[in-house]
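In case you want the letters, here they are:
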Amino acid sequence: MISKLLVILCCIGLGACRGASESETEVLLECRSPNGKAVAIFYREFGGGAAGWQYEIVTVHQPDDHIPSKVLKLKSGYEVTLRWIDSKRLEIGYPDSARVDHWQNWFGRMGDGKVELLRLASKHGMFVDEKSGCKK
């Protein structure tokens, strides 16, 4: 009887661990470059259930890239603005209260695209004056 109970408890424990390690993504914003060849995507990646985790991420996809360029990874950066200055320059605005865990100032296979970051005034991870979206 005790051995059956232990087996059941182990199965429940393993199932809970497996569920906690799975992650999900939700796309929040997509902005195409002026020439339409690249797209900047802002999404959140999360998992772990009630005691879970979440990151907000911006990637840039170009048609000839096999792997998109991850240009920004935030914690508590729930709002982001994306603005293409031209087809090779992307400006990203993010709440100044967010924690930046990763940033690179280039994208593309040859690193020919440039990324500029703007820290914008925020309150509790939300912009004070700005709204999330694609800027022109």
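For the structure, check the block above.
Bear in mind that the values here come from a model prediction, so they are computed numbers and not experimental data.

Calculation criteria
Residues numbered from 1 in each chain as written. Predicted model: local features only at pLDDT ≥ 70, side-chain atom pairs only at ≥ 80, totals over all residues. Heavy atoms only, no water. Helix = DSSP H or I, 4+ residues; strand = E, 2+ residues; numbered from the N terminus. Buried < 20%, exposed > 50% of the residue type's maximum accessible area, 1.4 Å probe, protein only. Contact = heavy atoms within 4.5 Å. Pairing = 2+ DSSP bridges. Axes fitted to C-alpha atoms, helices over the stretch in contact; angles between N-to-C directions. Disulfide = S-S within 2.5 Å. Polar contact = N/O pair within 3.5 Å; in protein donor to acceptor, adjacent residues only side chain to side chain.

Colleague: Outline the overall build of the protein, supporting the account with residue identities and numerical values.
Modeller: Helix and strand counts for the protein stand at 1 helix and 12 strands. Secondary structure of the protein in N-to-C order comes out as α-β-β-β-β-β-β-β-β-β-β-β-β. Counting every position in the protein, which comprises 136 residues, the buried fraction comes to 35%. Taking all contacts inside the protein whose residues are at least 6 apart in sequence as the whole, residues at least 24 apart take part in 50%.

Colleague: Can you break down the sheet that holds strand β2 (residues 39–47) residue by residue, with the values?
Modeller: With respect to topology, 5 strands assemble into an open sheet ordered β1-β2-β3-β4-β7, the strand pairing being antiparallel. Looking along the sheet, the strands with just one partner apiece sit at the ends: β1 (23–32) and β7 (99–103). Across the sheet, the axes of successive neighbouring strands diverge by a mean angle of 20°, strand direction being ignored. With 4 bridges joining them, strand β4 (residues 69–75) and β7 adopt antiparallel strand pairing. Counted as the bridge partner of K73 is H102 from β7.

Colleague: How would you explain the pairing of strand β5 (residues 81–86) if you had to name every residue and give the values?
Modeller: In this sheet, strand β6 (residues 89–95) lies alongside β5 in antiparallel orientation, the contact comprising 5 bridges. Counted as the bridge partner of R83 is E91 from β6. Note that β5 and strand β12 (residues 133–135) share 3 bridges and pair parallel. Along β12, the bridge assignment pairs L82 with C134.

Colleague: Any details on the state of the cysteines? Residues and values, ideally.
Modeller: A disulfide bridge is the covalent bond that connects two cysteines by way of their sulfur atoms. The full count for this structure, using the stated rule, is 1 disulfide. The disulfide that involves C31 links it to C134, with 1.7 Å between the sulfurs. Torsion about the S-S bond of the C31 and C134 cystine: about -90°, corresponding to left-handed handedness. Of this pair, C31 sits in strand β1 while C134 sits in strand β12, and the two are 103 residues apart along the sequence. The class of C31 is buried, set by a relative accessible area of 3%.

Colleague: Lay out unusual backbone geometry with the relevant residues and their values.
Modeller: The residue S76 is not glycine, and still its phi comes out positive at about 65°. Relative to the elements of secondary structure, S76 occurs in the loop between β4 and β5.

Colleague: Residues and numbers for the environment of S132, please.
Modeller: Mapped onto the secondary structure, S132 falls in the loop between β11 (126–127) and β12. Spatially, the C-alpha atoms of S132 and L29 are 8.2 Å apart, while their sequence positions differ by 103 residues. With near-sequence residues (within four places) excluded, S132 lies in contact with Y78, E79, V80, T81 and F127. In this structure the side chain of S132 is engaged in a polar contact, spanning 3.2 Å, whose partner is the backbone nitrogen of V80.

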